[in-house]
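Structure assessment
Now for the letters of each chain:
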Amino acid sequence: MHAAKTALSVNLNKVALLRNARDLDVPSVERAARTCLDAGADGLTVHPRPDRRHIRPSDVVALAELLADTDAEFNIEGNPFAGAESGYPGFVELVARASDAGGVAQCTLVPDAPGQRTSDHGWDLGRDGDRLRPLVERLKGYGCRISLFMDADADAMAAAAAVGADRIELYTEPYAQAFADGDASASLARFAAAAEAAHAAGLGVNAGHDLSLDNLGPFVAAVPHVLEVSIGHALTADALWLGLDAAVRAYQRVLRDVAVAA
């Protein structure tokens, strides 16, 4: 019997970053989204930030409208504490607008600071859990499940469940670095233990950050219960050589091969 295939959600931030280098709608985020969906992506991810350096609030609403007529899921990442500022309505308000426009399947809550180049750590729930809990409840009111961006710490998973999360997303850059260094066995053991702890706490498991065609298969094969991976930077880079359609299909082949072998 084959295992269920891990879903692939394509992060479109880097497409938007390239577009924003010029005052043109080139490359089009919406066209990229349609190409990914036509190639078989299971969902789309965006991480709008207050400085609007890549995905803009208008993109979020447009993608919600596009996905409303598909079976693919829309995943919005961001810091739920981010409030309104020039051109950015605040994270919770942006989720509300996307919900009205077409719906949001999942919100992935990430503890990134303003101006931070990229996400580089998970939540400290001992510090932030009480502040998160009412926002998790509010966001669930828009019909989306909640995933918390977490380090591979098995001891923290019960706290994630207590906050009200439905899933966690394992921050995988430490694994990607260990893989690049040539020995990921200890890192994979930590991630597997964290995934088992999350599953035992009743949480679904997602994963993302610096996963690539090279390291994705070994990760999903070794770490149990991974329902979804969110991949943007490496997939967009691969698309420069393969084309976006072919890059999405290549990542899906990796995930299918792991499922068949399981």
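What comes next is a walk through the structure. The model shown is predicted, which means the values in this text are computed figures rather than measured ones.

1. So, the overall build of the protein chain
Looking only at helices and strands, the protein chain has eleven helices and eight strands in total. Against the 2.2 N^0.38 benchmark of 18 Å for 262 residues, the protein chain shows a C-alpha radius of gyration of 17 Å, consistent with a compact globule. Overall size of the protein chain, expressed as C-alpha extent along the three principal axes, is 45 × 45 × 35 Å. Among the 262 residues that make up the protein chain, the fraction classed as buried is 52%. A separation of at least 24 residues holds for 72% of the contacts in the protein chain among residues at least 6 apart in sequence. As displayed, the protein chain has an accessible area near 11600 Å², and 50% of this comes from carbon and sulfur atoms.

2. With respect to a nonpolar patch on the surface
Together, L240, W241 and L242 give the surface a local cluster of nonpolar side chains, amounting to about 420 Å² of exposed area. Examined against the element boundaries, L242 turns out to sit in helix α10 (residues 233-242). Under the relative-accessibility criterion, L242 is labelled partly exposed at 44%.

3. Brief notes about the nonpolar core
Ranked by internal contacts, the top residues of the largest apolar core, which has 78 residues, are F74, L109, L148, F219 and V229. Element by element, the count of residues in this core is highest for helix α11 (residues 244-261), at six residues. Dropping the residues within four chain positions of it, F219 is found in contact with T172, Y175, L188, F191, A207, L211 and V226.

4. Considerations on the side chain of T108
Looking at where T108 falls in the secondary structure, it is placed in strand β4 (residues 106-109). Judged by its relative accessible area of 0%, T108 falls in the buried class. Once you skip the residues sitting within four places of it in the chain, T108 turns out to touch N75, I76, E77, G78, S147 and E169.

5. Re the sheet that holds strand β5 (residues 145-150)
Pairing is parallel in the closed barrel, where eight strands are placed in the order β1-β2-β3-β4-β5-β6-β7-β8. The average angle at which neighbouring strand axes cross in this sheet is 25°, direction not considered. Bridging between strand β1 (residues 7-11) and strand β2 (residues 43-46) involves three bridges; their strand directions are parallel. By the bridge assignment for β2, V10 is matched with L44. Against the sheet, helix α5 (residues 125-140) touches β4 and β5, its axis set at about 160° to β5.

6. Brief notes about the packing of aromatic side chains
If you walk through the whole model with that rule in mind, you get five aromatic pairs. Both rings, one in F81 and one in W123, keep their centres 5.8 Å apart while their planes meet at 90°; by these two values the pair is edge-to-face. Of this pair, F81 sits in the loop between β3 (73-78) and α4 (91-101) while W123 sits in the loop between β4 and α5; the two residues are 42 residues apart in sequence, bridging distant segments of the chain. The class of F81 is partly exposed, set by a relative accessible area of 27%. Sitting above the plane of the F81 ring, R131 keeps its charged end 3.8 Å from the centroid.

7. Describing the packing of helix α3 (residues 57-67) against α4
In the contact formed by α3 and α4, the axes pass within 8 Å of each other and the chain directions differ by 30°. In terms of orientation, α3 lies roughly parallel with respect to α4. Here α3 and α4 pass one another in a crossing that is right-handed. Listed contacts from α4 to P57, V60, V61, A64 and E65 of α3 are L94, R97, A98 and A101. In terms of residue class, the contact of α3 with α4 is built from seven nonpolar, no polar and two charged.

Parameters and conventions
Residues numbered from 1 in each chain as written. Predicted model: local features only at pLDDT ≥ 70, side-chain atom pairs only at ≥ 80, totals over all residues. Heavy atoms only, no water. Helix = DSSP H or I, 4+ residues; strand = E, 2+ residues; numbered from the N terminus. Rg over C-alpha atoms; globule rule 2.2 N^0.38 Å. Buried < 20%, exposed > 50% of the residue type's maximum accessible area, 1.4 Å probe, protein only. Contact = heavy atoms within 4.5 Å. Areas by Shrake-Rupley, 256 points an atom, 1.4 Å probe, with all protein chains shown as cover. Patch = residues over 30% accessible without salt bridge, like charges linked within 9 Å, V, L, I, M, F, W, Y side chains within 5 Å. Salt bridge = Lys/Arg side-chain N within 4 Å of Asp/Glu carboxyl O. Core = buried A, V, L, I, M, F, W, Y, C linked by side-chain atoms within 4.5 Å. Pairing = 2+ DSSP bridges. Axes fitted to C-alpha atoms, helices over the stretch in contact; angles between N-to-C directions. Phe/Tyr/Trp six-rings, centres within 6.5 Å; stacked < 30°, edge-to-face > 60°. Lys NZ or Arg CZ within 6 Å of the ring centre and 35° of its normal. Parallel < 35°, antiparallel > 145°, perpendicular 65-115°, else oblique. Left-handed = near helix turned anticlockwise from the far one by under 90°. Nonpolar A, V, L, I, M, F, W, Y, C, P; charged D, E, K, R; others polar.

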